[in-house]
Amino acid sequence: MKNTISIKNSILSKRSLSIASIVLALAGSFLAIAPSTYAATSVPLGAADTFAVLAGSTITNTGTTTITGSVGVHTGNAYTGAGSTTLLGGGTYQLGTQAAADAKAAALTAYNNAASQSPATAIGVELGSTTRLAGVYTSGTFGLTGTLTLNAEGNANAVFIFRAASTLVTAGASEVRIINGGSACNVFWQIGSSATLGASSTLLGTVLADTRISAGTSATVQGRLFARSGAVELSGNTITKSTCPAAVVGGTNTGVTPVYPTPTPTPTPTVAPVICPTFTTNPSISKVTTNSITAIWSGVGAKSWASRTGVGDYIAIGNGNLGTVTRTGLAPGTKYTIAIALFSGLDQTGCRVAFPITGTTASQVKEPTPTPTPKPVLVPEVCPTFVSEPSVQSTTANSLTLSWSGTNAKSWSLDARGMQTSYFGNENPNSLVITNLTPSTTYTRTVVLWSGLKQTGCSISLPITGSTDSVVAQATPTPEPTPTPVATPTPTPTPRPQVTIKPRGPVRTGDGSLGRGLRQR
């Protein structure tokens, strides 16, 4: 009986050893396939692959930021602070463009892909001071203080997916690093709301956030920042779009980063380098009205340009570099974002650089305040005065001579009612002869002195009365007596010499008789 029991115990012992061996073998087999069971697959990015930063509403930047890759916004189209951003690696600005819309749709597909991968391992909130193998990890929120190490175990295709139902928050100076052959291009952060990266922190991988992403000052990202519906906020960051190297078949978990073989380069044809245009003066708003906004800029290397307000096609294009454009037909008191793009080729082709600016139309037309006309300094007006009142100095039957004296008078006048002649003038003559009057008539006139020329300004007046003389009858002149003529004395005749006349022949005498002629001796 005892022998029988011993035999049975021996058989049971052997069976137990066999079962244990089988269990150990199965356990070893399970541990060997566990990594592949939990291995994640790379998330396809599609049209979003060339983008380093992608936002739904807007991008803001403060400080000097360097981005390798393209920058896109959709459905918004604003990038505030683009002037202090440098794009490398052939990156372009896609602000409200179709390319940005396509990239955003691809990013949503990637977000859903990362959210659906399984199986997943639930872990705690804190990622710092831990090492993770390839796979999918989930938590309500993720926080990172210190260093998170990702071990690719020599597999260049190792994929790491971290899914947070709410937020990702990394502390300042925190770090994510990958060892043993992995690449940042296969690291993905699928975040249910927002991601916040601490100042001077380093993150590897593509962040797929549902709302917004905020990068602290000097934070570095080896990957991408995609915010599906909200904004991406930058602050002097370095963001480099990660690119996966060619996979290495047969990699082993050596504990060191594998060396990839250098492929033989394929000769490429020599292509003339494309020189992208640059803004020498960033676009700015120069003028706004109730329905228009005018933008100005200057740039070099541009053969064509374009401008767009809001989302959609460019509303103004041209060759050359216009330097100014006015967008009209806008609503008053409304904020608009205008994107100005310069192209290296004609007809909006080739390398492109774009810059967004924001302006608000005037709510109403404001009339310019007129410059008040300076009022002249007025010299106090001094009224004239009579020093001596007007008086009649002399009269005739048809005239009156008046005289007066005054001060501060620049003109004068005389009330001339009933007279044929008007009397007025400048200065102050102090005397006046009124003519063409009626004899034996009394006249009352008013002398007026004025402070201004031509009978203007302050005045003072005084009346004067005078009468013309009567007409005097002409007296008959008394004839002067005729003087009695004085008798002229008869002169005494001078005795004539005695002449003896001897008759020469008969002469007729007084009585008609003939006498004898006489001859004078």
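Scroll up for the structure.
I will try to describe carefully the structure that is included in this document. Predicted model only: the values in this text are computed from it and were never measured.

Some remarks on the sheet that holds strand β11 (residues 142-144)
Remark on secondary structure: sheet strands pair via backbone hydrogen bonds, oriented parallel or antiparallel.
Here is step 1 of the chain: In spatial order, the strands read β5-β2-β21-β19-β17-β14-β11; together these 7 strands make up an open sheet with parallel pairing. Every other strand in the sheet has two partners, leaving β5 (78-80) and β11 as the edge strands with one partner each. Ignoring strand direction, the axes of neighbouring strands in this sheet form an average angle of 5 degrees.
Here is step 2 of the chain: Pairing analysis gives 3 bridges linking strand β17 (residues 195-197) to strand β19 (residues 213-215), with the strands arranged parallel. The partner of Thr196 across the bridge, within β19, is Ser214.

Topic: the nonpolar core
Here is step 1 of the chain: Of all hydrophobic cores here, the largest spans 64 residues; its most connected members are Ile59, Tyr79, Phe162, Trp189, Val207 and Leu234.
Here is step 2 of the chain: Broken down by element, this core gets its largest block of residues, 6 residues, from strand β28 (residues 335-345).
Here is step 3 of the chain: Beyond its immediate chain neighbours, meaning those up to four positions away, Phe162 contacts Leu127, Arg132, Tyr137, Phe142, Leu148, Leu150, Phe188, Trp189 and Gln190.
Here is step 4 of the chain: In this structure, Leu45, Ala103, Ala106 and Val136 belong to the second largest nonpolar core, which totals 18 residues.

Side note on the side chain of Ser413
Here is step 1 of the chain: If you trace the backbone, Ser413 turns up in strand β32 (residues 411-414).
Here is step 2 of the chain: The class for Ser413 is buried, based on a relative accessible area of 13%.
Here is step 3 of the chain: Polar side-chain contacts of Ser413 include one of 3.1 Å to the side chain of Trp450.

So, the sheet that holds strand β27 (residues 324-327)
Here is step 1 of the chain: The sheet built from 3 strands is open, its strands ordered β23-β24-β27 with antiparallel pairing. Each edge of the open sheet is held by one strand with a lone partner, namely β23 (278-288) and β27. Neighbouring strand axes in the sheet, compared pairwise and without regard to direction, differ in orientation by 20 degrees on average.
Here is step 2 of the chain: Judged from the 4 bridges that link them, strand β24 (residues 293-300) and β27 form a sheet pairing that is antiparallel. The residue bridging Thr294 from the neighbouring strand is Thr326, located in β27.

Examining the state of the cysteines
Here is step 1 of the chain: Throughout the structure, instances matching the rule amount to 2 disulfides.
Here is step 2 of the chain: A sulfur-sulfur distance of 1.6 Å marks the disulfide that ties Cys276 to Cys351. Classification of the bridge connecting Cys276 and Cys351 rests on its S-S torsion, roughly 95 degrees, and on that basis the disulfide is right-handed. With Cys276 in the loop between β22 (238-240) and β23 and Cys351 in strand β29 (residues 349-360), this pair connects stretches of sequence that are 75 residues apart.
Here is step 3 of the chain: The residue that forms a disulfide with Cys383 is Cys458, at a sulfur-sulfur distance of 1.6 Å. For the disulfide bridge between Cys383 and Cys458, the dihedral angle about the S-S bond is near 105 degrees, and by the sign convention the bridge is right-handed. Taken together, the positions of Cys383 in the loop between β29 and β30 (385-395) and Cys458 in strand β36 (residues 456-467) put the pair 75 residues apart, joining distant regions of the chain.
Here is step 4 of the chain: For Cys383, a relative accessible area of 35% translates into the label partly exposed.

Quick notes on the pattern of salt bridges
Here is step 1 of the chain: All told, the structure shown has 3 salt bridges when counted by the stated rule.
Here is step 2 of the chain: Between Arg228 and Asp210 there is a salt bridge, with its nearest N and O atoms 2.7 Å apart. Here Arg228 is found in the loop between β20 (220-227) and β21 (232-235), whereas its partner Asp210 is found in the loop between β18 (202-209) and β19, with 18 residues between them in sequence.
Here is step 3 of the chain: Residue Arg228 is classed as partly exposed on the basis of its relative accessible area of 33%.
Here is step 4 of the chain: Its relative accessible area of 17% is what places Asp210 among the buried residues.
Here is step 5 of the chain: The closest approach of N and O atoms between Glu233 and Arg212, which form a salt bridge, is 3.0 Å. Pair noted here: Glu233 is in strand β21 and Arg212 is in the loop between β18 and β19, with a separation of 21 residues, a long-range link.

How each quantity is defined
- Residues numbered from 1 in each chain as written.
- Predicted model: local features only at pLDDT ≥ 70, side-chain atom pairs only at ≥ 80, totals over all residues.
- Heavy atoms only, no water.
- Pairing = 2+ DSSP bridges.
- Helix = DSSP H or I, 4+ residues; strand = E, 2+ residues; numbered from the N terminus.
- Axes fitted to C-alpha atoms, helices over the stretch in contact; angles between N-to-C directions.
- Core = buried A, V, L, I, M, F, W, Y, C linked by side-chain atoms within 4.5 Å.
- Buried < 20%, exposed > 50% of the residue type's maximum accessible area, 1.4 Å probe, protein only.
- Contact = heavy atoms within 4.5 Å.
- Polar contact = N/O pair within 3.5 Å; in protein donor to acceptor, adjacent residues only side chain to side chain.
- Disulfide = S-S within 2.5 Å.
- Salt bridge = Lys/Arg side-chain N within 4 Å of Asp/Glu carboxyl O.

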